[in-house]
There are 2 protein chains.
Amino acid sequence: MHTYLRQIQNTLKTDYSKYKETFATVMTSNVVLIDKITKYIVRHKGKGLRPLLVLLSARLLGNPNESTYLVATIVELLHTATLVHDDVVDNAQVRRSFPSINAIWKNKISVLMGDYLLSKSLIAATQIGNIEIMHILAETAKRLSKGELFQIEKSRKLDIMEEEYYQLISDKTAALIAACCELGSITVSNNSEDRKNLRTYGENLGIAFQIKDDLLDYEGSQSVLGKPVGADLKEKKITLPLIMSFKNAPAKDKKTIIKLLKKGVDRGDIKKIVSFCEEYGGLNSAQDAALHFAQKAKDSIIGYSDGPYLRSAKLFVDYVISRKR
Amino acid sequence: MHTYLRQIQNTLKTDYSKYKETFATVMTSNVVLIDKITKYIVRHKGKGLRPLLVLLSARLLGNPNESTYLVATIVELLHTATLVHDDVVDNAQVRRSFPSINAIWKNKISVLMGDYLLSKSLIAATQIGNIEIMHILAETAKRLSKGELFQIEKSRKLDIMEEEYYQLISDKTAALIAACCELGSITVSNNSEDRKNLRTYGENLGIAFQIKDDLLDYEGSQSVLGKPVGADLKEKKITLPLIMSFKNAPAKDKKTIIKLLKKGVDRGDIKKIVSFCEEYGGLNSAQDAALHFAQKAKDSIIGYSDGPYLRSAKLFVDYVISRKR
């Protein structure tokens, strides 16, 4: 576990336990198959970054309440729903170093289980009784699927531009992280300025997060990542390191890389593409971009009074760009 | 087109045009791929039964308004989203006599497109600003996926009981039809009695609808249905005709049929199973059950004053049980 993340978790320990209680209450069903899959998901759960961001955003402005814990549950359910569908979409066999839901239960069940989790998330949201919260969630869900569809469109044509890349990661990743922070703030504050600040924090944090994620596909190691390196390249996903390298590379070299992607890359090709990105500065440029958005995230919460929660919010940014997985 | 359905459509002509306008307004996007698929869906749209039920329920109690047309749009989007996912789940290549979305764009895109349509549906719902409506929709979406998951669980074990069958079709089909009628009523009336009556009408209508659907898988013809006969049996889905036949058949004959289903049925097997259901009264029993729920649907709206809308609501019931596809 990354030390920064452990520090953040310690700061939010009590709140996190309360969120976990709420999560367990929400997830009950009378269908054996659903319970089995739910248990598997809970056993192999992720780092809980999104619930942590909800709790942290609320703590930055006031004291979390039942709605805060419910929102933390809702975003985790929504996130899990999209992961289950994404693994179907990407035909991913491994998630968090364990077999994915589709690897075990096949695509049919995974599609329906994703739908089920999404519905559970929305039902929990109606409990809060705030239509604004419902709107943010529905809009976020739309951006998540829209982003993924846009990504497929682009990977087919292999022609994504820098601007389109930012639109794409803003939809597929930053939208939900921004929603976590905005929703966390709404549960404790009526101030629209607070809401805007936290949303900006989340949006920039989310963009930095995805750039780092895309970098890890080039620089990470499989044993640490819990999934193979170069997975994006296999899927013909052109991310920032390659986009930035294409800007500097001679047209001839760019063509060679595009050809490799078109035919489908093997291990050797992945190494070649990583070297290409090193040579033409794509890895450095992407790293700089991640740092740029990380700074913007920090700047958006500069006005809040110092203390363990502000420090955690800043540390969260540092965690996102320094993590190895 | 079935004459009853044409009559109902004529009665609701003006309202239906307004609903279609609202639908077109809601469905706009800036992603080429999404627009392409949306156009394909609209071109090969279904009979619009669910929007019609929303409009009819509202007309039975008062005058439809913007919320009514929006609700009609929402239920059609939700329904389309589930159809897109169901075709992935069932690996169906044909829908409404045309290639299914997954047949053209493959599973990846179909999963995401389903998610996108569901989100669009929920975003439209937040526009109405009524949290009760949101709750009904989220609960309905949950029941749809829960029903399908339960069906998979049962088809694996080939051991569904009559009671479980009713639970299943109530979730996977009647839930949405009941929601259509309940939501239609909510948009024009605050009376909880009205709401309950319309919901009961929809629930029973939905059960009759699914029993008839399951019967058509035995009795229909491919050219009229727009999909192959015996599709359920191929999917190892045991529906009411077979459940009722199993009750009357000798254990030995039941075992033979179960064996056929286990190994996977071909055309000859389907004919055998249909004969089996004729012999042991399963087709008649299922027909009787459909009529029983149809009557219950009619009974639940008995108190409303006579006129074109009440007549249409009754005609809708007759349509559902007399249709050939």
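Structural data are supplied above this passage.
Residues numbered from 1 in each chain as written. Chains lettered and ligands numbered in written order. Predicted model: local features only at pLDDT ≥ 70, side-chain atom pairs only at ≥ 80, totals over all residues.

**Q** Looking at this structure, how should I read the relation of the copies chain B and chain A?
**A** The pair of chain copies shares a relation made of a rotation about an axis and a shift along it. Once turned by 180 degrees and shifted 0.0 Å along the axis, chain B lies on chain A with an RMSD of 0.0 Å. Here the transformation between the copies is reduced to the relation of a two-fold axis. Closest to the rotation axis within chain B is the C-alpha of I131 of chain B, separated from it by 3.1 Å. A shared binding surface is used by both copies, with 100% of the interface residues of chain B retained as interface residues in chain A. (Least-squares fit on C-alpha atoms with pLDDT ≥ 70 in both. Contact = placed C-beta atoms within 7 Å.)

**Q** What is the right way to read the nonpolar core from this model?
**A** Nonpolar side chains tend to gather and get buried jointly when the protein is soluble and globular. Core analysis: the biggest nonpolar cluster contains 205 residues, and V75, L137 and A208 of chain A together with V75, L137 and A208 of chain B have the highest contact counts within it. Contact partners of A208 of chain B, with chain neighbours within four places excluded, come to A290, F293, A294, A297, V317, V320 and I321 of chain B. (Core = buried A, V, L, I, M, F, W, Y, C linked by C-beta atoms within 7 Å. Buried ≥ 20, exposed ≤ 12 C-beta atoms within 10 Å, placed from the backbone.)

**Q** Explain the packing of helix α2 (residues 13-26) of chain B against helix α5 (residues 66-89) of chain B here, please?
**A** Packed helices, taken two at a time, are described by their axes: the angle between them and the distance between them. Residue and element names in this part refer to chain B. It is the contact of α2 with α5, at a shortest axis distance of 8 Å, that shows an interaxial angle of 60 degrees. Of the two elements, α2 crosses α5, and the hand of that crossing is right-handed. Judged by residue contacts, K18, Y19, T22, F23 and V26 of α2 engage Y69, L70, A72, T73 and E76 from α5. Taken together, the residues of the contact of α2 with α5 sort by class into 6 nonpolar, 2 polar and 2 charged. (Axes fitted to C-alpha atoms, helices over the stretch in contact; angles between N-to-C directions. Helix = DSSP H or I, 4+ residues; strand = E, 2+ residues; numbered from the N terminus. Left-handed = near helix turned anticlockwise from the far one by under 90°. Nonpolar A, V, L, I, M, F, W, Y, C, P; charged D, E, K, R; others polar.)

**Q** Help me out: how do you make sense of the interface of chain B and chain A in this one?
**A** When the parts of a complex come together, some accessible area is lost, and that lost area is often used as the size of the interface. Residue-level contacts link 35 residues of chain B with 35 residues of chain A. Those elements that place two or more of their residues in the side of chain B that touches chain A are α3 (32-43), α5, α6 (101-128) and α7 (131-157) of chain B. A total of 14 residues in the side of chain B that touches chain A trace back to one element, the largest contributor, which is α7 of chain B. Of the residues in the side of chain B that touches chain A, the class split is 20 nonpolar, 7 polar and 8 charged.

**Q** Is there a simple way to think about helix α6 (residues 101-128) of chain A in this case?
**A** One turn of the α-helix equals 3.6 residues, which is why residues spaced by three or four share an orientation. Residues and elements named next belong to chain A. Taking 1.5 Å of rise per residue, the 28 residues of α6 would be expected to cover 40 Å, yet its terminal C-alpha atoms sit only 30 Å apart, more than 12% below that figure. The sharpest bend along α6 measures roughly 100 degrees and falls at N107. Where α6 ends, the next residue or the one after it, G129, has phi of about 75 degrees, a positive value. (Expected span 1.5 Å × (residues − 1). Bend = angle between axes of the 7 residues up to and from the residue.)

**Q** So what exactly am I meant to see when it comes to helix α12 (residues 240-248) of chain A here?
**A** Residues and elements named next belong to chain A. Along α12, 7 of the 9 residues are buried, which leaves the element largely enclosed by surrounding structure. Turning to α12, its buried residues number three or more, namely L240, P241, L242, I243, M244, S245 and F246. In this structure, the buried side of α12 is in contact with α8 (162-186), α9 (192-219), α13 (251-263), α14 (267-279) and α15 (282-299).

**Q** Can you walk me through the environment of K271 of chain B in this structure?
**A** All names here are of chain B. Examined against the element boundaries, K271 turns out to sit in helix α14 (residues 267-279). We classify K271 as partly exposed; it has 13 C-beta atoms within 10 Å. A C-alpha to C-alpha distance of 40 Å links K271 and T11, two positions 260 residues apart in sequence.

**Q** Explain the packing of α2 of chain B against helix α4 (residues 49-61) of chain B here, please?
**A** Residues and elements named next belong to chain B. It is the contact of α2 with α4, at a shortest axis distance of 10 Å, that shows an interaxial angle of 125 degrees. Taken as axis vectors, α2 and α4 run oblique relative to one another. As for how α2 packs across α4, the hand of that crossing is right-handed. Between α2, through D15, Y16 and Y19, and α4, the contact on the second element is made entirely by P51, L55 and R59. In terms of residue class, the contact of α2 with α4 is built from 4 nonpolar, no polar and 2 charged. (Parallel < 35°, antiparallel > 145°, perpendicular 65-115°, else oblique.)

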